[in-house]
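So the chains spell out like this:
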Amino acid sequence: AAFVASRRAPDAVPGLLAEAAAALDAVGAADADEDVPCWRARLVGLAWSAWKLGRADEAFAHARESIEVAGDAGSLRLRAMALNTLAHFLAGTDAGTKARARAAAIAARLDDQELGWRTGRG
């Protein structure tokens, strides 16, 4: 719902942003299975949705948790995706530049062309 809301003018579909916010709240309130770290690493999707809904603090929290969980799960690709998302949120800052550089370095080590393209190094 947040993805759809981010692609349309807020007034294009009455109630769309409210629906997207409710959906984000429902997903965020759901208990994540602690035994499935890759699911938790995909919190970057929640981060992006929160960002698009103007909920910056929530977006940063989800992005940072996603970075940590992906690293703990051993998924470098998911970690790079989360770092790249955080870099987008921090665009124009030293922290954003460092996060993007870390994501690009991971993409290069993985020889992942798509991820390299997404991090601006492909």
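Attention in this report is confined to the structure presented alongside it.

Moving on: unusual backbone geometry. Although it is not a glycine, D111 sits at a positive phi angle of roughly 55°. Of note, D111 is situated in the loop between α7 (94-110) and α8 (113-118).

Scanning the model with the defined rule gives four salt bridges in all. Of the charged contacts in the structure, one is a salt bridge between E58 and R55, with a shortest N-O distance of 2.8 Å. Its salt-bridge partner being E114, residue R77 comes within 3.8 Å of it at the nearest N-O pair. On the criterion of sequence distance, the pair formed by R77 in helix α6 (residues 76-89) and E114 in helix α8 is long-range, its members being 37 residues apart. Salt bridges here are not isolated pairs; linked through shared partners, they connect R77, D112, E114 and R118.

This part covers the layout of surface pockets. In this model, the largest pocket occupies a volume close to 280 Å³. Residue lining of the largest pocket: eleven residues in total, with V44, M81, N84, T85 and R118 positioned closest to the centre. When contributions to the lining of the largest pocket are tallied by element, the ones reaching two or more residues are α4 (43-52), α6 and α8. Tallying contributions element by element places α6 first for the lining of the largest pocket, with four residues. Residue composition of the lining of the largest pocket, grouped by class: four nonpolar, four polar and three charged.

Calculation notes
- Residues numbered from 1 in each chain as written.
- Predicted model: local features only at pLDDT ≥ 70, side-chain atom pairs only at ≥ 80, totals over all residues.
- Heavy atoms only, no water.
- Helix = DSSP H or I, 4+ residues; strand = E, 2+ residues; numbered from the N terminus.
- Salt bridge = Lys/Arg side-chain N within 4 Å of Asp/Glu carboxyl O.
- 1 Å grid on protein atoms, 1.4 Å probe; cavity = no way out; pocket = protein on both sides within 12 Å on 5 of 7 lines; lining within 4 Å.
- Points joined across faces, edges and corners; volume = space filled by probe spheres on them.
- Nonpolar A, V, L, I, M, F, W, Y, C, P; charged D, E, K, R; others polar.

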